[in-house]
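# A look at the structure
Single-letter residue listing:
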Amino acid sequence: MQKVLVSVALITLLAGCSGFPGVYKIDVQQGNVVTQDMVDQLRPGMTKSQVRFVMGTPLLVDTFHENRWDYLYTMQEGKGDYSRKNLSVFFKDGKLDAIRGDYRPGAAAN
């Protein structure tokens, strides 16, 4: 009886670690969804509230760098593909000064 229980426990453990054919795994999205259209609406000199209206609430606002907002997005697909995008916006005197990251303003027009 003990061998049967150990065998069942071992099979259950191995089955949990390996993927059974036909088992659906969900896509996991985290962070801010940022589109090229959103980035194209950003203009130098926009206020923080205008940027927040266009982009949404930033995922990261560092208390030590109040003039930098970070928008991060990760996607882990069920089949195993992983992607990460980031966008940082910088303010000077309360106005949008610079944009850095995986998106560029006006890139959709090219």
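Below is a short write-up of the structure. Please read these numbers as outputs of a predicted model, since none were measured by experiment. (Residues numbered from 1 in each chain as written. Predicted model: local features only at pLDDT ≥ 70, side-chain atom pairs only at ≥ 80, totals over all residues. Heavy atoms only, no water.)

## A closer look at the environment of Gln-41
Along the polypeptide, Gln-41 turns up in the loop between helix 2 (36-40) and helix 3 (48-55). Sequence spacing of Gln-41 and Pro-105 is 64 residues, and the spatial spacing of their C-alpha atoms is 7.8 Å. (Helix = DSSP H or I, 4+ residues; strand = E, 2+ residues; numbered from the N terminus.)

## As for unusual backbone geometry
In this structure, Asp-93 takes a positive phi of about 55 degrees despite not being glycine. By the element assignment, Asp-93 lies in the loop between strand 4 (82-92) and strand 5 (95-101). Exposure remark for Asp-93: the relative accessible area of 72% places this residue in the exposed category. (Buried < 20%, exposed > 50% of the residue type's maximum accessible area, 1.4 Å probe, protein only.)

## Regarding the pairing of strand 5
Walk down a regular strand and you will see the side chains alternate between the two sheet faces. Pairing geometry for strand 4 and strand 5, over six bridges, is antiparallel. Bridged to Phe-90 within strand 5 is Ala-98. (Pairing = 2+ DSSP bridges.)

## A look at the pattern of salt bridges
What the rule picks out here adds up to one salt bridge. Residue Asp-70 is joined to Arg-68 by a salt bridge in which the shortest nitrogen-to-oxygen separation is 3.1 Å. Residue classification places Asp-70 among the buried residues on the basis of a relative accessible area of 12%. Judged by its relative accessible area of 34%, Arg-68 is partly exposed. (Salt bridge = Lys/Arg side-chain N within 4 Å of Asp/Glu carboxyl O.)

## So, empty space enclosed by the protein
A water-sized probe, rolled over the atoms, reveals where empty space remains. The full count for this structure, using the stated rule, is one cavity of 30 Å³ or more. Taken as a whole, the largest cavity spans an internal volume of roughly 30 Å³. Sorting the residues of the lining of the largest cavity by element identifies strand 3 (68-76) and strand 4 as the ones contributing at least two each. Class assignment of the residues belonging to the lining of the largest cavity gives a composition of six nonpolar, two polar and one charged. (1 Å grid on protein atoms, 1.4 Å probe; cavity = no way out; pocket = protein on both sides within 12 Å on 5 of 7 lines; lining within 4 Å. Points joined across faces, edges and corners; volume = space filled by probe spheres on them. Nonpolar A, V, L, I, M, F, W, Y, C, P; charged D, E, K, R; others polar.)

## Some points on the packing of aromatic side chains
As enumerated under the stated definition, the model contains one aromatic pair in all. Centre to centre, the rings of Trp-69 and Phe-91 are 4.8 Å apart; their planes meet at 65 degrees, and the pair counts as edge-to-face. Highlighted residues: Trp-69 in strand 3 and Phe-91 in strand 4, separated in sequence by 22 residues. Like Trp-69, the residue Phe-91 is buried in the burial classification. If you follow Lys-85 out to its NZ or CZ, it ends over the ring of Tyr-103, 5.9 Å from the centre. (Phe/Tyr/Trp six-rings, centres within 6.5 Å; stacked < 30°, edge-to-face > 60°. Lys NZ or Arg CZ within 6 Å of the ring centre and 35° of its normal.)

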